Amino acid sequence: MGNPNVGKSALFSRLTGVRVVVSNYPGTTVSYARGSMKLGDEIADVIDAPGTYTLEPTSEAEEIAQKLLDSGDVVVNVVNATNLERNLYLTLQLLERGIPVVVALNIWDDTKHLGIDIDRDKLGALLGVPVIPTVAVTGEGIKELVENIPRATSPHTPARSRGERWAAVGGIVEKVQHIGHRHHRWFERLADASVRPLTGGIMALVVLAGSFMLVRFIGESLINYVFNPLFNNLWSPVVLNLSNLMGGGGFFHDIVVGKLIGGEVDFVQSFGLLTSGLYVPFAMVLPYIVSFYLVLGILEDTGYLPRLAVLMDTIMHRLGLHGYAIIPTLLGLGCNVPAVLSTRILESKRERFIAATLISIAVPCAALQAMILGLVGAQGWQYVAMVYGTLFLVWIILGVILNYTVRGFSPELLIEIPPYRLPPWRTVLQKLWMRTYGFLVEAIPIILGAVVAINILYYFGVFNAIANFTAPVVTGLLGLPKEAVTALAIGFLRKDVALGLLAPLGLSAGQLVVGSVVLAMSFPCIATFVVLLRELGILNMLKAAGIMIVAALIVGGILNLIL
Amino acid sequence: MSDIRQTTLARMREGQSGTVVQIQGGRGLVNRLNGLGIVPGKRITKISSMVMRGPVTIEVDRAKVAIGFGMASRVIVKTD
């Protein structure tokens, strides 16, 4: 346990070997992770708790931390050595509860160039518990910490009032900490510039535009130089041979290979298990998953995101949120599931409802975006801009409407801004691997399953029946061919496959724009649906779903009229 | 007796330092600020503020904290 952004997850990862996402902003961990470690001859369970400043919780993430406290035998209290004054408050609160504590004095490496000198032995004596300096990111001091966990003690500490506790903290800090000359680092000046209106605004534009270009550059490079050559030169002949072996048609042929187009395999349109079923996830979506999460990981670890939150605060207030909601929103550009989870860093139920609804309607996930870039981009970039522009407008307008209609008020921004750090390559790559692996094991089975299901349903003409039934809405209102309803229905499973289904329909550019926007806005994929249900409760989830359907139809209809 | 050096966090100038005197707010506000070490008697320095009543950034105990404008208006500070 410890304050937010002190390195609890990094330490947890070191102790247990369990990989967890580590970033440089408060509120990375909104749930808890469990692992185990060897402690002498025994195996001990280790729990990574979300950060909290005090034992009087102010957000759901802090409440979780508070509840976890009762289940532990020993608390490893992670303390930020560069900010003893604030961190020891929680330490004293823990000691007052009579829980055995061992203190990890983390971020110890930063104390040197900040000119902070802490007498660790004296601190240990004053607190009455073991105090071990650690650097979780590099692993320094971890061994000593493990040796000292069995020595955790709960010295008798009287319960204090708030004022008394702060006074006690002040007394301890005065005795153990000496602050000498500090060397200003060049990025400290940068740190202040990024929260000033003018310089900060320019920096935000540069950072966001640069990130977008970098994501596109890496994504397109992977597609053009790695995956497309692989599929076209190596895989395509294999599938063609197989197609010949299977007689070039029939039920099983259509499931496995799909429809040949002009006697050739078309990886986008064939829609068989071994053609589109592999090409869509690996050659269209995966490259963008990798590039997006690489860039996001770097952004997370520099510590820039909380500064972006400060800059965006005024705008976000118009949407009934505060600036920190920009973090779940950015995560949503990767996948809506962790994004909805991370709304736990917001304080009120109202904010969480607004943020989760906006994310699931107007923030397309990386898989869907990759397909939009691939399919709509082929028609011209102005159409991609239309899709993004529309979704952005929907985000703003819907946010303003929700702000006026959802009852209650949203609290103001109050966040700690971490120092800038150079992203440690180890955590960046580890996060990238975890998130990419997550995509591979969770998405690919569903994608393959969806392709099989689609083909079977097609074969038996089920979709035709549905298409005729829904034709008035799909054709009349959205101006799409009636078969497009298949894509909208499949969107519930996977948005990327769904958009892929629009490819063989020979849509005009305008129709593709309508299709992409409606797909992005309408029902979330099943994984997001489940997480919305769990996080918002059934009533609010139904509300969010209702808003989604209505908004998707209205916006789709308007786009159809314009285009 | 009113002290002319008393102002709010929101109205302080950039770069100005002072000591927190009082937090004029309910328990919720006092509670949240307490966690971040913003309590009466604490020394703070204002770093910047955003336009249009945006958040105010301050330094407290070597940590930087961003506070919404409304909250910042309720933190009374005695400037140096």
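Residues numbered from 1 in each chain as written. Chains lettered and ligands numbered in written order. Predicted model: local features only at pLDDT ≥ 70, side-chain atom pairs only at ≥ 80, totals over all residues.

Asks: Mind showing me how you'd approach the overall build of chain B here?
Replies: A tally of helices and strands in chain B yields two helices and six strands. Of the regular secondary structure in chain B, the N- to C-terminal order runs β-β-α-β-β-β-α-β. At 11 Å, chain B has a C-alpha radius of gyration in line with the 12 Å of a compact globule built from 80 residues. Across its three principal directions, the C-alpha atoms of chain B cover 30 × 30 × 25 Å. Looking at chain B residue by residue over its 80 residues, the buried ones come to 44%. Contacts spanning at least 24 positions in sequence make up 60% of the contacts within chain B whose residues lie at least 6 apart. (Helix = DSSP H or I, 4+ residues; strand = E, 2+ residues; numbered from the N terminus. Rg over C-alpha atoms; globule rule 2.2 N^0.38 Å. Buried ≥ 20, exposed ≤ 12 C-beta atoms within 10 Å, placed from the backbone. Contact = placed C-beta atoms within 7 Å.)

Asks: Explain the overall build of chain A to me, please; I cannot follow it from the model alone.
Replies: Summing up its helical and strand segments, chain A has 24 helices and eight strands in all. A globule of 563 residues ought to have a C-alpha radius of gyration of about 24 Å, and chain A, at 27 Å, matches this closely. Looking at chain A residue by residue over its 563 residues, the buried ones come to 48%. Pairs at least 24 apart in sequence give 71% of the contacts found in chain A among residues at least 6 apart.

Asks: Can you help me understand the environment of leucine 539 of chain A in this one?
Replies: Here leucine 539 of chain A shows up in helix 24 (residues 538-562). Residues leucine 539 of chain A and proline 287 of chain A, 252 residues apart in the sequence, show an inter-C-alpha distance of 37 Å.

Asks: Hey, could you run me through the domain arrangement of chain A in this one?
Replies: Interfaces are often sized by the accessible area lost when the parts come together. Residue and element names in this part refer to chain A. What the domain assignment reports for chain A is domain 1 (8-182) and domain 2 (197-562). The C-alpha centroid of domain 2 is placed 39 Å from the C-alpha centroid of domain 1. Each partner contributes to the interface: domain 1 provides 15 residues, whereas domain 2 provides 22 residues. Its residues assigned to classes, the side of domain 1 that touches domain 2 comprises seven nonpolar, six polar and two charged. (Domains from an automatic or database assignment. Nonpolar A, V, L, I, M, F, W, Y, C, P; charged D, E, K, R; others polar.)

Asks: Can you walk me through the sheet that holds strand 3 (residues 43-49) of chain B in this structure?
Replies: To summarise the sheet geometry, strands pair through backbone hydrogen bonds and adopt either a parallel or an antiparallel arrangement. Strands sit in the order 8(A)-5(B)-4(B)-3(B)-2(B)-6(B)-1(B) across an open sheet of seven strands; the sheet is antiparallel. The strands lining the two open edges of the sheet, one partner per strand, are strand 8 (414-417) of chain A together with strand 1 (6-8) of chain B. Going from strand to strand, the sheet's axes swing by 40° on average, the running direction of each strand aside. Here strand 1 of chain B runs beside strand 6 (residues 75-79) of chain B; their pairing, made up of three bridges, is antiparallel. Note on strand 6 of chain B: the bridge partner recorded for glutamine 6 of chain B is lysine 78 of chain B. Against the sheet, helix 12 (residues 305-318) of chain A contacts strand 8 of chain A together with strand 4 (56-60) and strand 5 (63-67) of chain B, and its axis sits at roughly 140° relative to strand 8 of chain A. (Pairing = 2+ DSSP bridges. Axes fitted to C-alpha atoms, helices over the stretch in contact; angles between N-to-C directions.)

Asks: How should the packing of helix 16 (residues 366-376) of chain A against helix 21 (residues 495-502) of chain A be read in this particular structure?
Replies: Two packed helices can be described by the angle between their axes and the distance between those axes. All names here are of chain A. Across the interface, helix 16 lies against helix 21 with an axial gap of 8 Å and an inter-helix angle of 20°. One finds that helix 16 runs roughly parallel with respect to helix 21. Considering the relative orientation of helix 16 and helix 21, their crossing is right-handed. Contacts between helix 16 and helix 21 involve Ala367, Leu368, Ala370, Met371, Ile372 and Leu375 from the former and Lys495, Asp496, Leu499 and Gly500 from the latter. Along the lines of polarity and charge, the residues of the contact of helix 16 with helix 21 split into seven nonpolar, one polar and two charged. (Parallel < 35°, antiparallel > 145°, perpendicular 65-115°, else oblique. Left-handed = near helix turned anticlockwise from the far one by under 90°.)

Asks: Can you help me understand the sheet that holds strand 3 (residues 75-80) of chain A in this one?
Replies: Residues and elements named next belong to chain A. The strand order 3-4-6 describes an open sheet built from three strands, whose pairing is parallel. Single-partner strands in this sheet number two, and they are strand 3 and strand 6 (131-133). Taken pair by pair, the neighbouring strands of this sheet meet at an average axis angle of 25°, ignoring direction. Where strand 3 and strand 4 (residues 101-106) come together, six bridges link them in parallel fashion. Bridge assignment links valine 79 to a residue of strand 4, and that residue is leucine 105. Together, strand 4 and strand 6 form the strand contacts of helix 5 (residues 120-127), whose direction differs from that of strand 6 by roughly 150°.

Asks: Can you walk me through the interface of chain A and chain B in this structure?
Replies: If you look at the interface, chain A gives 26 residues, while chain B gives 25 residues. Sorting the residues of the side of chain A that touches chain B by element identifies helix 3 (84-96), helix 7 (162-176), helix 12 and strand 8 of chain A as the ones contributing at least two each. Residue composition of the side of chain A that touches chain B, by class: ten nonpolar, seven polar and nine charged. In this sheet, strand 5 of chain B lies alongside strand 8 of chain A in antiparallel orientation, the contact comprising four bridges. Note that in strand 5 of chain B the partner of isoleucine 417 of chain A across the bridge is lysine 64 of chain B.

Asks: What's the story with the pairing of strand 3 of chain B in this structure? I'm lost.
Replies: Across a regular strand the side chains alternate sides, sitting on one face of the sheet and then on the other. Residues and elements named next belong to chain B. Across the seven residues that make up strand 3, a large majority, five, are buried. In terms of strand pairing, strand 2 (residues 17-23) meets strand 3 through three bridges, oriented antiparallel. Bridge assignment links serine 17 to a residue of strand 3, and that residue is threonine 45. Linking two consecutive strands that pair antiparallel, namely strand 3 and strand 4, is a turn of six residues; a positive phi of about 55° is found at methionine 52 within it.

Asks: Hey, could you run me through unusual backbone geometry in this one?
Replies: In terms of backbone geometry, most residues other than glycine have negative phi values and most peptide bonds are trans. Residues and elements named next belong to chain B. In the Ramachandran plot, aspartate 61 falls in the positive-phi region, its phi being about 50° despite a non-glycine side chain. Tracing the chain through its elements places aspartate 61 in the loop between strand 4 and strand 5. One non-glycine residue with positive phi stands out, namely arginine 62, at about 65°. Structurally, arginine 62 is set in the loop between strand 4 and strand 5.

Asks: How should I be thinking about helix 9 (residues 197-245) of chain A in this particular structure?
Replies: Along an α-helix, residues three or four positions apart point the same way, because every turn accommodates 3.6 residues. All names here are of chain A. Bending of helix 9 peaks at approximately 45° at the position of tryptophan 235, with proline proline 237 no more than four residues after it. Within the span of helix 9, buried status applies to Gly200, Val215, Gly219, Ile223, Val239 and Ser243. One or two steps after helix 9, the chain reaches glycine 247, where phi turns positive at roughly 90°. (Bend = angle between axes of the 7 residues up to and from the residue.)

Asks: Please explain the pairing of strand 2 (residues 42-48) of chain A as it appears in this structure.
Replies: Of the strand pairs in this sheet, strand 1 (residues 33-39) of chain A and strand 2 of chain A are connected by seven bridges, and their pairing is antiparallel. By the bridge assignment, leucine 39 of chain A is partnered in strand 2 of chain A with glutamate 42 of chain A.

Asks: I'm lost on the packing of helix 15 (residues 349-362) of chain A against helix 23 (residues 526-536) of chain A in this one. Help?
Replies: All names here are of chain A. Between helix 15 and helix 23, the least distance of the axes is 11 Å, while the angle of their chain directions is 170°. Relative to helix 23, the element helix 15 is oriented roughly antiparallel. Of the residues in helix 23, those in contact with Phe353, Ala356 and Ser360 of helix 15 are Thr528, Leu532, Glu535 and Leu536. The residue makeup of the contact of helix 15 with helix 23, split by class, is four nonpolar, two polar and one charged.

Asks: For this particular structure, what's the right way to read the nonpolar core?
Replies: One recurring pattern in soluble globular proteins: nonpolar side chains tend to sit buried together. Residues and elements named next belong to chain A. Membership of the largest hydrophobic core comes to 184 residues, with the highest contact counts inside it found for Ile289, Ala309, Val517 and Met521. For this core, the two domains that each supply at least three residues are domain 1 (8-182) and domain 2 (197-562). Not counting residues up to four positions away in its chain, the partners in contact with valine 517 are Val387, Thr390, Leu391, Val555, Gly556 and Leu559. (Core = buried A, V, L, I, M, F, W, Y, C linked by C-beta atoms within 7 Å.)

Asks: Explain the confidence of the model for chain B to me, please; I cannot follow it from the model alone.
Replies: Parts of the model with low pLDDT should not have their predicted coordinates read in detail. Chain-level pLDDT for chain B is 91 on average; 96% of the residues reach the 70-or-more range. Across the interface, the model reports ipTM at 0.93; the global pTM reads 0.92. (pLDDT = per-residue confidence, 0-100.)

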